[in-house]
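If you want the building blocks of each chain, they are given just below.
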Amino acid sequence: MEDEDDEAIKKEDENGGRCTRRGSHKTTHSKQPHSKEEQRDRFNTNGNVESEHILQKKLLLRRKAENLKVELMHHLNSQMDELMDSVMEESSSLGSSSLNSHFSPFLTDKERAKLRHTKPSQGQCKQFVIRRSLLDELFEVNHIRTIYHMFIALLILFILSTLVVDFIDERRLVLDFDLLVYAFGQFPLVVVTWICMFISALVVPYVLLHSWAAVYPASRHRSLITLLAGFLLLLYQGLGLGFLPTYIVLSNGLPPASCFILILEQVRLMMKVHSFIRENVPKFLSSAGDGTNSVAIPQLTPYLYFLFAPTLIYRDSYPRQASFTAPLLELPYADVKMLNIVRLCGDLILQRNPCVRWSYVATKLLQVLGCLFYAYYVFVRLCIPQFRSLQLFDLRDMVLCVFNSILPGVLVLFLGFFAFLHCWLNAFAEMLRFGDRMFYKDWWNSTSFANYYRTWNVVVHDWLYYYVYRDFLWMSQKRFRAAAMFIVFTVSAVVHEYVLAICFGFFYPVLFCLFMCFGMMFNFILHDRRKGPVWNVIMWTALFLGQGVLICLYSQEWFAQRYCPIQEPSFLELLKPRSWTCYIRTNHVPEPV
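Keep in mind it's a predicted model, so treat the numbers as computed, not measured.

Moving on, we get to the overall build of the chain. A tally of regular secondary structure across the chain gives 21 helices and zero strands. Across the 593 residues that make up the chain, the buried fraction comes to 37%. Relative to all contacts within the chain whose residues are 6 or more apart in sequence, the contacts with residues 24 or more apart total 75%. Entry remark: accessible area of the chain is about 35500 Å², with carbon and sulfur atoms responsible for 65%.

Attention now goes to the packing of helix H17 (residues 458-475) against helix H18 (residues 481-504). Two elements in contact, H17 and H18, have axes separated by 9 Å at closest approach and are oriented at 145 degrees. Relative to H18, H17 is oriented so that their crossing is right-handed. Side by side, H17 and H18 meet where Leu464, Val468, Tyr469, Phe472 and Leu473 of the first sit next to Arg481, Ala483, Ala484, Met485, Ile487, Val488, Val491 and Ser492 of the second. Partitioning the contact of H17 with H18 into residue classes produces eleven nonpolar, one polar and one charged.

Moving on, we get to the state of the cysteines. Counted by the stated rule, this structure contains one disulfide. Left without a disulfide partner, cysteine 503 is nearest to the cysteine sulfur of cysteine 259, which lies 5.1 Å away.

The biggest cluster of nonpolar side chains holds 84 residues, and the ones touching the most others in it are Trp212 and Tyr303. The biggest single contributor to this core is helix H10 (residues 256-290), with eleven residues. Ignoring anything within four residues of it in the chain, the contact list for tyrosine 303 reads Ala201, Leu202, Pro205, Tyr206, Val273, Phe276 and Tyr314. Counting 29 residues, the second largest nonpolar core, distinct from the first, contains Phe506, Leu511, Trp558 and Phe559.

Further remarks concern the side chain of asparagine 280. Inspection of the secondary structure assignment puts asparagine 280 in helix H10. Relative accessible area serves as the criterion here: at 3%, asparagine 280 is assigned to the buried category. Excluding residues that lie within four positions of it along the chain, asparagine 280 makes contacts with Leu209, Pro298, Tyr314 and Asp316.

Let us look at the packing of aromatic side chains. Counted according to the given criterion, the structure contains 46 aromatic pairs. An angle of 40 degrees between the planes, with centres 5.0 Å apart, marks the rings of tryptophan 212 and tyrosine 216 as tilted. In this structure tryptophan 212 comes out as buried when scored by relative accessible area, which is 6%. Relative to tyrosine 453, the ring of tyrosine 452 has its centre 5.8 Å away and its plane inclined at 55 degrees; by these criteria the two rings are tilted. Residue class for tyrosine 453 comes out partly exposed when judged on its relative accessible area of 25%.

Taken together, the side chains of Leu228, Phe231, Leu232, Leu235, Leu239, Phe243, Leu244 and Tyr247 make up a nonpolar region of the molecular surface, amounting to roughly 800 Å² of accessible area. Tracing the sequence through the fold places phenylalanine 231 in helix H9 (residues 222-252). When its relative accessible area of 52% is taken as the criterion, phenylalanine 231 is described as exposed.

Per the stated rule, a full pass over the model turns up eleven salt bridges. Put simply, lysine 283 and aspartate 316 hold a salt bridge, and the shortest N to O gap is 3.4 Å. Within this pair, whereas lysine 283 is found in helix H10, its partner aspartate 316 is found in the loop between helix H11 (300-308) and helix H12 (336-349), the two being separated by 33 residues in sequence. When salt bridges that share partners are traced, they join Arg357, Glu430 and Arg437 into one network.

Our next topic: unusual backbone geometry. In this structure, glutamine 186 takes a positive phi of about 55 degrees despite not being glycine. Checked against the element boundaries, glutamine 186 lands in the loop between helix H7 (178-183) and helix H8 (187-215). With a phi close to 55 degrees, arginine 433 is a non-glycine residue in the positive phi region.

A separate point is the side chain of serine 555. Relative to the helices and strands, serine 555 is located in helix H20 (residues 533-563). Serine 555 has contacts with Phe387 and Leu550, leaving out every residue within four places of it along the chain.

Attention now moves to the packing of H18 against H20. Closest axis-to-axis distance for the H18/H20 pair is 12 Å, and the angle between their directions is 30 degrees. Relative to H20, the element H18 lies roughly parallel. The handedness of the crossing between H18 and H20 is right-handed. Listed contacts from H20 to Glu497, Leu500 and Phe504 of H18 are Tyr554, Trp558 and Arg562. Its residues assigned to classes, the contact of H18 with H20 comprises four nonpolar, no polar and two charged.

Turning to the environment of phenylalanine 504, a few remarks are in order. If you trace the backbone, phenylalanine 504 turns up in helix H18. Along the backbone, phenylalanine 504 and alanine 257 are 247 residues apart, and their C-alpha atoms lie at a distance of 9.5 Å.

Cut-off values and rules
Residues numbered from 1 in each chain as written. Predicted model: local features only at pLDDT ≥ 70, side-chain atom pairs only at ≥ 80, totals over all residues. Heavy atoms only, no water. Helix = DSSP H or I, 4+ residues; strand = E, 2+ residues; numbered from the N terminus. Buried < 20%, exposed > 50% of the residue type's maximum accessible area, 1.4 Å probe, protein only. Contact = heavy atoms within 4.5 Å. Areas by Shrake-Rupley, 256 points an atom, 1.4 Å probe, with all protein chains shown as cover. Axes fitted to C-alpha atoms, helices over the stretch in contact; angles between N-to-C directions. Left-handed = near helix turned anticlockwise from the far one by under 90°. Nonpolar A, V, L, I, M, F, W, Y, C, P; charged D, E, K, R; others polar. Disulfide = S-S within 2.5 Å. Core = buried A, V, L, I, M, F, W, Y, C linked by side-chain atoms within 4.5 Å. Phe/Tyr/Trp six-rings, centres within 6.5 Å; stacked < 30°, edge-to-face > 60°. Patch = residues over 30% accessible without salt bridge, like charges linked within 9 Å, V, L, I, M, F, W, Y side chains within 5 Å. Salt bridge = Lys/Arg side-chain N within 4 Å of Asp/Glu carboxyl O. Parallel < 35°, antiparallel > 145°, perpendicular 65-115°, else oblique.

In structure tokens, the structure reads:
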């Protein structure tokens, strides 16, 4: 009977609650309500499971859609930025003739003349547009940000290794940072000297320019007045910004980091003063020659802003306003509909920062501080132990020294680039709301050294290009391009070697030789026609090897100068590298003096 009941229940489940056996009708009828409740519960349970499963799928799809939306928006924004940059660069290459041809129906002769004098040919000067730094955009990609995290992990390992070794040797944690304290010694003297340099760079060129501009139009001896003003400016550049800071550095024996601060600021202020005079004098002469007098000497405020701005090219104003303003908006007879379209496109695409992001500034300054500590641990763990003992010149030891110095050299290269060209300049750009933050380009993708020189440091490259290369071509009537390029390399090499010689306290022209010999050779051999990943590998290999040579030779000479000092060296002994003759083995690092 129980077997028949079980079979009836099974068939009832299979046939939707209908019984197929007469003998079991009574029993199944008595169990039918129970089976329907069980079936209903089972159905509800299955329904809940299925609904939860469907809900989870919907949530998962929604998350995927949101992530896809974010990635699509980032990709779209980057594409639009590139498109607008290319359009702006193409539009900036248009000369005043093309502008006059497009807007000649709307402009009178007087307004066209004013536009010609106030807005010089766009192809002859640098155009500033609002754009972000490349690393700020790349760090939004998780894969690129992971590389940044890898460098942070390497810094943590450097710190741990230093702490562990010091604890084993000293039986205590050593946190004195003696190398950093020594490198930034006499810092109050550095601050006072910098303030004097900055005030003189602010006042002297501005007063000279205003005095010359006030006397020049009414003078009968314009050439004599111009020569006198130029001589006074060169005298100030040579003595006020050139000799006096160098004398303070050498007479007080400032340590390396303090020297670098003053000497680099000396070079920066000299370049800015030259740009200020170079940009304003031609505009004034042009307006005075035409008799329009429409170009006035700039006020002190734009020049003060320029001295702090992260650029070496002077402009009366930079793209830093909160709202987009196109230069065509000032044209009184332009098409209103077209201007509205331009304004709308600018409001939609250009980045507008009405206020300073102080959290961004603090982050960049903290990253600069982190790079300083990073460099400290690189020298402590990788450089000082290697160069403690000095040996006579041996080819095998020199080759090993160069290759062992590649890692610290590359790390110092990356740290210097990230700390100064990205963090430091972006911090000042944010505080000043400076719009054009293309301080560098994708130099790491370069397949030629010519492209590497143009993209590594855009700030300095622009100054050399516009004020050395183009000015030389203008004076030579564009006949000696190779000579112009040679002069650019020579100026860059001399300034770099001057900075290193003053800051290190010895003359060892390794960087100068690399610049003038291998740099120029690679500039013509690895030119822009070289494409493909193989040439990028060659470029990186040569760059790594050059960094190893610099770290090896300069470190050897630094320790040789401390181990083997000469009390009263002659001029030839000052030019001869001390590391070629100094031979001492020691287990202790010499005390820095």
